[in-house]
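Report on the structure
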Amino acid sequence: MSPATSDPISLTRFLIEEKRAGRINPELRLLIEVVARACKRISVAVGKGALGGVLGDAGSPGAASINIQGEAQKKLDVLSNEILLEANAWGGHLAALASEEMDHSQPIPDVHPRGNYLLLFDPLDGSSNIDVNVSVGTIFSVLRCPEGVTTPADEHFLQPGTAQVAAGYCVYGPQTTLVLTVGHGTHAFTLDREVGSFMLTVRDMRIPEDTREFAVNASNQRFWEPPMQAYVGDLLAGKDGPRGKDFNMRWIASMVADVHRILTRGGIFSYPLDSKCASKGGKLRLMYEANPMSFLVEQAGGAASTGRQRLLEVQPTGLHQRVPVFLGSKREVEVAVRYHLAHA
Ligand code: AFP
Ligand code: FBP
């Protein structure tokens, strides 16, 4: 991982240089700038917390607002969704957008010009953390609108993760950090709050191939499949067990924050199949969480799998489809996959 040079590079300059290098076109450049601008607004709202009146559940007392996932929405979920929708409606770079918080995708209204890209986002991931002042984030994924489609619908979004042209997340923590890939490495930009610009702080993040750290919600242990029981059992056995080394565990319950730690210092993140979520296919969302994070992780030298298949090759069948997820340090993900394939 190479630290940023002494010559400060803003996100705007970085994107112009990517365009000059022929890695992105002007439309994609604008799209990323608009998403980054929306993330700045969300960062301000998250930072205000109770002072901005944005904590707590959306809806009225006794009648919580429920999203398509069947989860009670937080006020900041709704606000972040509105910020992203409004910011992306009029720029002419998008054909349609889809959000984890909305039942269906939305084509860009006819009053605005339509572009060639499809944008998917989870406006505020890890929202159970908002009210307790722990890191949350925004995740996004960009696909091409299929050729000849003028009014995109849900089915046009059902492209495998390998078709993504860009992906990223913004983590709202002690710092606000945007992590981005356009398919040529994974790069981190820290928000300079005084200047209001995202500045390149890590070019080419690299995830160590080996690790001694894992992230899982251990309270689900009794619901896991046998291969996951065996895998974590061996991690916990430490240096006296078959793995021959001690492992540490971290779980923030905010995928953005957990993945950011793993991109920064290695580790394996897992949300496996369990008997509570088996009928849904898993807990995490393929299109809004697993695919963009897998793209970022692979571009940083890591790996991402369902336990049985490369995540980016899963053919989506629904906009809100769920999948099991294992991602992070390459060799550790390979070990987790071996346990799953051995029990196939
Ligand atoms: P919310 O955005 O609904 O809080 O869900 C966050 C999340 O999808 C992901 O970011 C976490 O890794 C995971 O759920 C946490 O799951 P547990 O509640 O089982 O710990
Ligand atoms: P650091 O400040 O050195 O990171 O230590 C933090 C801490 O003392 C507590 O804040 C935290 O609950 C605990 O260590 C974490 O311990 P462990 O590493 O065993 O999970």
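All figures in this text were calculated on a predicted structure; none of them were measured in a lab.

Taken together, Glu71, Asp125, Gly126, Ser127, Ser128, Asn217, Ala253, Ser254, Met255, Asp258, Tyr271 and Leu284 form the complete shell of residues around ligand 1. Class assignment of the residues belonging to the shell around ligand 1 gives a composition of four nonpolar, five polar and three charged.

Since one α-helical turn is 3.6 residues long, residues separated by three or four positions face the same way. The terminal C-alpha atoms of helix H2 (residues 26-48) lie 34 Å apart, and with 23 residues this matches the ideal 33 Å at 1.5 Å per residue to within 8%. Inspection of H2 places Leu28, Arg29, Leu31, Ile32, Val35, Ala36, Ala38, Cys39, Ile42, Ser43 and Val46 among the buried residues, and these make up the whole buried set. After H2 finishes, the residue Gly49 shows a positive phi value of roughly 50 degrees.

With that settled, consider the pairing of strand S8 (residues 166-172). Where burial is concerned, most of S8 is hidden: seven out of the seven residues are buried. As paired elements, strand S7 (residues 136-144) and S8 share seven bridges and run antiparallel to each other. By the bridge assignment, Ile139 is partnered in S8 with Tyr169. Connecting S8 to the next strand, strand S9 (residues 176-181), in antiparallel fashion are three residues.

This paragraph deals with the packing of helix H1 (residues 11-20) against H2. Running from amino to carboxyl end, H1 crosses H2 at an angle of 165 degrees, the nearest separation of the two axes being 10 Å. If you check the angle between H1 and H2, you find them roughly antiparallel. Once H1 is placed against H2, the crossing between them reads as right-handed. Facing Leu11, Thr12, Leu15 and Lys19 of H1, the residues of H2 in contact are Pro26, Arg29, Ile32, Glu33 and Ala36. The residue makeup of the contact of H1 with H2, split by class, is five nonpolar, one polar and three charged.

This brings us to the UniProt feature "binding site: Mg(2+) 1" (unreviewed entry) in the protein. Here, UniProt's "binding site: Mg(2+) 1" (unreviewed entry) annotation points to Glu100, Asp122 and Leu124. The annotated residues occupy 25 residues of the chain but converge on a single region, no pair of C-alpha atoms lying more than 9.2 Å apart. Mapped onto the elements, Glu100 comes out in the loop between strand S4 (94-99) and strand S5 (106-107). With 23 C-beta atoms counted inside 10 Å, the residue Glu100 sits in the buried group. Structurally, Leu124 is set in strand S6 (residues 117-125). According to the C-beta neighbour criterion, Leu124 is buried, with 31 such atoms within 10 Å.

Another point: the sheet that holds strand S12 (residues 213-215). Judged by pairing direction, the sheet is mixed, and its five strands sit side by side in the order S13-S12-S14-S18-S16 without closing on themselves. Two strands bound the open sheet, and with one partner strand each, they are strand S13 (248-249) and strand S16 (303-305). Here S12 pairs with S13 via two bridges, running parallel. Residue Phe214 lies in a different strand from S13, and its bridge partner there is Met249. On the sheet, helix H6 (residues 286-299) packs against S16 and strand S18 (325-328) and is oriented at approximately 25 degrees with respect to S18.

By the element assignment, Ala303 lies in strand S16. Given 23 C-beta atoms within a 10 Å radius, Ala303 is considered buried. Considered as a pair, Ala303 and Ile42 are 261 residues apart in the sequence and their alpha carbons are 30 Å apart. Beyond its immediate stretch of four places on either side in the chain, Ala303 contacts Glu298, Leu327, Lys330, Val333 and Glu334.

Further remarks concern the nonpolar core. Tyr117, Leu118, Leu119, Leu120, Leu178, Leu263 and Leu327 are the most contacted members of the largest nonpolar core, which totals 95 residues. The element best represented in this core is H2, accounting for nine residues. When neighbours within four sequence positions are excluded, Leu120 is seen to be in contact with Ala98, Phe140, Ser141, Phe157, Met287 and Tyr288.

Here we come to the confidence of the model for the protein. Averaged over all residues, the pLDDT of the protein equals 94, while 97% of them reach at least 70. Confidence estimates for the predicted assembly give a pTM of 0.93 and an ipTM of 0.77.

Cut-off values and rules
- Residues numbered from 1 in each chain as written.
- Chains lettered and ligands numbered in written order.
- Predicted model: local features only at pLDDT ≥ 70, side-chain atom pairs only at ≥ 80, totals over all residues.
- Near = placed C-beta within 6 Å.
- Nonpolar A, V, L, I, M, F, W, Y, C, P; charged D, E, K, R; others polar.
- Helix = DSSP H or I, 4+ residues; strand = E, 2+ residues; numbered from the N terminus.
- Expected span 1.5 Å × (residues − 1).
- Buried ≥ 20, exposed ≤ 12 C-beta atoms within 10 Å, placed from the backbone.
- Pairing = 2+ DSSP bridges.
- Axes fitted to C-alpha atoms, helices over the stretch in contact; angles between N-to-C directions.
- Parallel < 35°, antiparallel > 145°, perpendicular 65-115°, else oblique.
- Left-handed = near helix turned anticlockwise from the far one by under 90°.
- Contact = placed C-beta atoms within 7 Å.
- UniProt positions renumbered as here; feature names shortened; annotations may be inferred.
- Core = buried A, V, L, I, M, F, W, Y, C linked by C-beta atoms within 7 Å.
- pLDDT = per-residue confidence, 0-100.

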